[in-house]
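Structural description and commentary
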Amino acid sequence: MMPQSRPEALDSAYTHVDPLQQSGEQRTKFPQHTQPLGSFQAQAADMLQCQWNCVDDDDIDLPLAISDDETGEMLHRVEPIVYSGAAFETMQLITTGEDDSAPEADIEEDEDIRDEALHQIEGLVLSFMTQLVASLPASGAYSQIASKKGGYKKIALRLADRRKEPTTSDLNMRTLEMPRGARGASARPFAQLFRTLDLMHKALTDDIPTTKRDMYYKDVELFGSQSTVDSLVDDLAATFQIGRADLNVRASSKGLVCGAGLRLHLHSGEILAVSDSEPILIPPSEDIERFEVDSNLAWVLVVEKEAVFQTLCRLRLGTHHALPGNGLVVTGKGYPDVATRQLVKTLSANLPEQIPILGLVDGDAYGIDILSVYKYGSMRMRHEQEQLAAERVQWLGLWSSELAGLGIERDALIPITKYDEKKARVLLKRKSTPPHWRRELQHMLFTRRKAEIEILEALRSPTRPAEAAEAGGIRAAEAGNPGIPLLRYLSAKISTACMEAARREP
Amino acid sequence: MSLAFLHAHDGAEPHSDAVWGVSWTPTDTVVSISADGSIKQWDSISGQVSRARAPHTLGLVSLSVDPSGKHALYNTLEGLTCLWDLEDGEVKGTHESYARTGGESTEPSWSVSLNPKGGTYASTGGSGNVTIHSAEPGSFGERRATLTSGRSKFGLYCKHSPDGSRVAMSSEAGQIYIFDLASNSLQTTYSSHAMAVRSLAWSEDSNLLLSASEDKRLILHDVRVSPSGKPGSGAVATLSGHSSWVLSTDISLDGRLAVSASADKTIKVWDIGARAAVSTVQDNGEVWSVSWRPKPPAHGTAGAFVSGGEDGVVRWWRSAGAG
């Protein structure tokens, strides 16, 4: 296991724990459980405060001004990429400048994290129980007293609200209250929260990792939907200011990768070789010990839709002769999960500048939003943003402005929906959206049409397909196969991107 | 009379993105709005910019100039509507149509049109209704009335009739609605198109309405209101010839010619009486907007018009007959 950095800037209850400090004194620095009631409550509230830089709701400005100092958070280190092949040096990975500690320190580190996670969980539960005790009516009072809801003090637990933008100096919190004014049982959100805490606590004490999916299936009736568990786990991670993996909840994988030139060495000893015929599931980064990249890797393509990914995989795009070299094709199947984003981030942070990282998304608001998740991070995972934003991702296509040049009729474009419109407006409001993306979004809103990748299939087939294909660098024999217009489009654009990347100063 | 049209000259400095609207004003200047967020006023003889506003963050999607040429009303992509005084260059009113005002339901405006009689302007939006707003400086943007079309399709374009008695609105689904402003009610609905109608043009006598549609056609509608109250006969002619969406149209002051701009990169001039195209000019890219010079043409000529398109250039065209 790799050393982790410690969260800083948590006032009061926790003092900064130096990772390299080996003494057992660290344990005593955590607050004792034998505190008087009142002050513990106050401490619980304090624990959840933190200083985040904040901007207005309407003033979203990714990448955010959350420096390492503020959150001190780090997920898993970006692993070293080892180049195979003659005369290649090992590349040092980009981290926050930690040194490799001795193995004993590692183990102690993990224990510290586990302790902290356990402590946070227990603290939250204790806070609830003390509030519960405090709000009960005095013993001895019976039903002579009309039990109006107003007679009871409300119990409130505060969790991080990942949906809202951070505002000045206050971590955005949402409050779970009991009893609620709203309809429906007040106890349910609490029950869901505590079940989640229970499962996480068990995972930490038993040292057996669990996944969000596992947790959901432990009590489907209580949770109702997978997303409830997902939100709670991430909210708790944000509230406690530790990574989800530190709570011993592993990510399940959704993303796929195919192509050639990458081998993943897992901690378990297994080596996953990315192949260009069969896609493999992208394992969560906590499982990956190191990456091994071939020297002839020339490009990386990130694809929005699984269907397009499968087509490209079938066409063996990764090793296709029409392209300037071997490449990787990655898909997150829509909005990418953390494991996929971590993979793209690792590649973005470690591959040389000559290798372009390109995104193929629909020319609609959702496609652009997905691209911005890869490139800038997402609202919900803001607290782990630094480790997930892949700055180098470029938008390869599909642009609605290039369709005319490709010979695609305007009528072939699909009308936008109300959701596209809403999403596009949100994206246009964000200052982080690059100018080219803004032009495309404006164009989309003005014409009220969007360009989905499937539209390339509607390209007029040339009168002599074999020759045209030959001209596009594709063998005549393949010319009749489906996906050929897409292939032609990609081979042209990826080649251009590689040439441009090669021209840039290394 | 020669009906060939020639390229006269271009605007001195192009917009940095597509030109989405142009209007040739009665004071012989041209106002243009662009996707780059700016609005410019040009001198028609020299092609120089005489006045401009600092660009907005989002593109400008709609433009309406009053009959005197003194005011230009424009609207941005997000729904910020502004009234710009063309004489002194000041902004006389702004309205954030996207702002949620507690009580009444509001929607961001899309297309806007100044009432030729002054005092109000109309806007369309996603709800399919036309909203009448105050255009007075003190109360600019305040809702005065909502005209419901009965359908909730996106309202792409609206324009008042020159006599100020009615306002026409066209939708993304192809319908054209005419509202009577005296009673604030729907007067007629035309379903001549089955695809989006992007632009409408009234004849100066308010009797004809020409619609430009994504179905590549323009349809001429007789919209005379007879004394008995019966509406005119509706669609009377179809002008075909464009090979892609028709994006904009205008009818000349004397009502004899119509001009249309298309995504097929051409501009066509049509003889309304003969219901036929008389001239086609080739442009560099999709042409988003076109506007006649609002003056009777010199003897022996057919007039002049201005166009704006994807390449960001404002372009003047004149009839070949002119010296």
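By convention here, each chain's residues receive numbers from 1 onward along its written sequence. Think of it this way: whatever chain is written first is A, whatever ligand is written first is 1, and the rest follow in order. Only residues with pLDDT of 70 or above have their local features reported here, since the model is predicted, and side-chain atom pairs are shown and tallied only from 80 upward, although totals for entire chains, interfaces and linings are computed over all residues. Neither water nor hydrogens contribute to the side-chain values; these are computed over all heavy atoms in the structure.

**A look at the UniProt feature "repeat: WD" (unreviewed entry) in chain B**
Residues and elements named next belong to chain B.
- UniProt positions are given in the numbering used here, feature names are shortened, and annotations may be inferred rather than shown by experiment. Under the present numbering, the feature "repeat: WD" (unreviewed entry) in UniProt falls on residues 12-52, 190-224 and 239-280.
- With 0% helix and 54% strand, the stretch residues 190-224 has end C-alpha atoms that lie 13 Å from each other.
- The annotated region residues 239-280 carries 0% helix and 60% strand content, and the separation between its end C-alpha atoms amounts to 13 Å. Numbering goes from the N terminus for both helices and strands, where a helix is a DSSP run of H or I of at least four residues and a strand is a run of E of at least two.

**Quick look at the packing of aromatic side chains**
- Only centres within 6.5 Å qualify two rings of Phe, Tyr or Trp (six-membered ring in Trp) as a pair; their planes then separate them into stacked at under 30 degrees, edge-to-face at over 60, and tilted for everything else. Scanning the entire structure with this criterion turns up 18 aromatic pairs over all chains.
- Ring geometry for Trp-110 of chain B and Phe-154 of chain B: centres 5.5 Å apart, planes at 75°, overall edge-to-face. One end of the pair, Trp-110 of chain B, is in the loop between strand S9 (91-96) and strand S10 (112-114); the other, Phe-154 of chain B, is in the loop between strand S13 (143-147) and strand S14 (155-160), with 44 residues separating them in the sequence. Pair check on accessibility: Trp-110 of chain B and Phe-154 of chain B agree, each one buried.
- In this structure an aromatic cluster arises from ring pairing among Phe-446 of chain A together with Trp-20, Trp-110, Phe-154 and Trp-288 of chain B.
- Cation placement over rings: the criterion is NZ of Lys or CZ of Arg within 6 Å of the ring centroid and within 35° of the ring normal. One Lys or Arg, Arg-410 of chain A, reaches over the ring of Trp-245 of chain B and ends 5.2 Å from the middle of that ring.
- Over the face of the ring belonging to Trp-399 of chain A we find Lys-493 of chain A, whose NZ or CZ atom lies 3.6 Å from the ring centre. Here the term buried applies to any residue with accessible area under 20% of the maximum for its type, exposed to any over 50%, and partly exposed to those in between, with areas from a 1.4 Å probe on protein chains only.

**A word on the pairing of strand S12 (residues 326-331) of chain A**
Residues and elements named next belong to chain A.
- Of all six residues that make up S12, six are buried, and the element is covered over most of its length.
- Burial along S12 is two-sided: the residues Asn-326, Leu-328 and Val-330 and Gly-327, Val-329 and Thr-331 are all buried.
- Both strand S6 (residues 256-259) and S12 contribute to a ladder of four bridges, which runs antiparallel. Among the inter-strand pairings, Gly-259 is bridged to a residue of S12, identified as Leu-328.
- Think of it this way: DSSP has to see at least two bridges between two strands before they count as a pair. Here strand S11 (residues 297-303) runs beside S12; their pairing, made up of six bridges, is parallel. Counterpart to Val-300 in the pairing with S12 is Leu-328.
- On the question of chirality, the crossover connecting S11 to the parallel S12 by way of helix H9 (residues 306-314) is right-handed. Crossovers are marked right-handed if the path from the first strand over the helix to the second runs clockwise, as seen with the strands pointing away from the viewer.

**Regarding the interface of chain A and chain B**
- The contact criterion used throughout is that any non-hydrogen atoms of two residues lie within 4.5 Å. Listed by partner, the interface residues are 15 residues for chain A and 24 residues for chain B.
- The junction of chain A with chain B conceals about 1900 Å² of combined surface from both sides, 51% of it contributed by carbon and sulfur atoms.
- We define buried area as the total accessible area lost by two parts upon association, computed with a 1.4 Å probe and summed across both. Contact with chain B buries surface across chain A, with Arg-410, Gln-442 and Phe-446 of chain A losing the most and accounting together for 38% of the total.
- The working definition used for a salt bridge is a side-chain nitrogen of Lys or Arg within 4 Å of a carboxyl oxygen of Asp or Glu. Applying the counting criterion to the chain A and chain B interface returns five salt bridges.
- Lys-216 of chain B is the partner of Asp-411 of chain A in a salt bridge, and the nearest nitrogen-oxygen pair spans 3.7 Å.
- Counting residues per element, the ones that place at least two in the side of chain A that touches chain B are helix H13 (418-429) and helix H14 (435-447) of chain A.
- The biggest single contributor to the side of chain A that touches chain B is H14 of chain A, with seven residues.
- The residue inventory of the side of chain A that touches chain B, partitioned by class, reads four nonpolar, three polar and eight charged. Polarity classes work like this: nonpolar for Ala, Val, Leu, Ile, Met, Phe, Trp, Tyr, Cys and Pro, charged for Asp, Glu, Lys and Arg, and polar for all others, with Gly in that last group.

**Some remarks on the environment of Glu-172 of chain B**
- Note that Glu-172 of chain B resides in the loop between strand S15 (166-171) and strand S16 (176-180).
- Considered as a pair, Glu-172 of chain B and Leu-156 of chain B are 16 residues apart in the sequence and their alpha carbons are 6.0 Å apart.
- Discounting residues that sit within four places of it in the chain, Glu-172 of chain B has contacts with Arg-448 of chain A together with Phe-154, Leu-156, Met-195 and Ala-196 of chain B.

**Quick look at the UniProt feature "active site" (unreviewed entry) in chain A**
- In the UniProt entry, the feature "active site" (unreviewed entry) is given for Tyr-217 of chain A.
- With respect to the helices, strands and loops of the structure, Tyr-217 of chain A is situated in helix H6 (residues 212-218).

**Here's the deal with the sheet that holds S10 of chain B**
Residues and elements named next belong to chain B.
- An order of S10-S11-S12-S13 is seen for the four strands of this open sheet, with the pairing classed as antiparallel. Because the sheet does not close on itself, it has two edges, and the strands there are S10 and S13. Mean inter-strand twist for the sheet, computed between neighbouring axes without regard to direction, equals 20°.
- One ladder, built from three bridges, connects S10 with strand S11 (residues 120-123); its direction is antiparallel. In the strand pairing of S11, Val-112 is matched with Ser-123. Axis lines are fitted through C-alpha atoms, for helices just across the contact stretch, and the angle between N-to-C directions can take any value from 0 to 180 degrees.

**Regarding the confidence of the model for chain A**
Residues and elements named next belong to chain A.
- On a scale of 0 to 100, pLDDT captures the predictor's confidence in every residue. Residues of chain A with pLDDT of at least 70 account for 64%, and the chain-wide mean is 71.
- Across chain A, element-level confidence peaks in strand S13 (residues 357-360) with a mean pLDDT of 94 and bottoms out in helix H3 (residues 68-71) with 33.
- This stretch, residues 463-472, has a pLDDT under 50; its non-local contacts, to residues over four places away or in other chains, come to 10 contacts.

**Notes on the domain arrangement of chain A**
- The domain limits used here are those given by an automatic or database domain assignment. Under the domain assignment, chain A is made up of domain 1 (155-162 + 171-250) and domain 2 (256-459 + 484-503).
- Here the C-alpha centre of domain 2 of chain A lies 32 Å away from the C-alpha centre of domain 1 of chain A.

**Thoughts on the layout of surface pockets**
Residue and element names in this part refer to chain B.
- Here the second largest pocket is characterised by a volume of approximately 1100 Å³.
- As for the second largest pocket, its lining consists of 49 residues, of which Ser-23, Val-65, Tyr-157, Lys-159 and Asp-250 are closest to the centre.
- Elements with a contribution of two residues or more to the lining of the second largest pocket: strand S2 (19-24), strand S6 (60-65), S10, S14, strand S18 (197-202), strand S22 (246-251) and strand S26 (287-292).
- Of the residues in the lining of the second largest pocket, the class split is 28 nonpolar, 16 polar and five charged. A pocket here means an open set of points on a 1 Å grid, computed over the protein atoms alone, that has protein on both sides within 12 Å along at least five of seven lines. A cavity is instead a set of points where a 1.4 Å probe fits but cannot get out; residues with an atom within 4 Å of a point line either one. Grid points are joined across faces, edges and corners, and a volume is the space filled by probe spheres set on the points.

**Focus on the pattern of salt bridges**
- Counted by the stated rule, this structure contains 33 salt bridges over all chains.
- With its nearest N and O atoms 3.1 Å apart, the salt bridge here joins Arg-448 of chain A to Glu-421 of chain A. Of this pair, Arg-448 of chain A sits in the loop between H14 and strand S16 (449-450) while Glu-421 of chain A sits in helix H13; the two residues are 27 residues apart in sequence, bridging distant segments of the chain. In this structure, Arg-448 of chain A and Glu-421 of chain A share a single accessibility class: buried.
- Between Asp-10 of chain B and Arg-315 of chain B there is a salt bridge; the shortest N-O distance is 2.9 Å.

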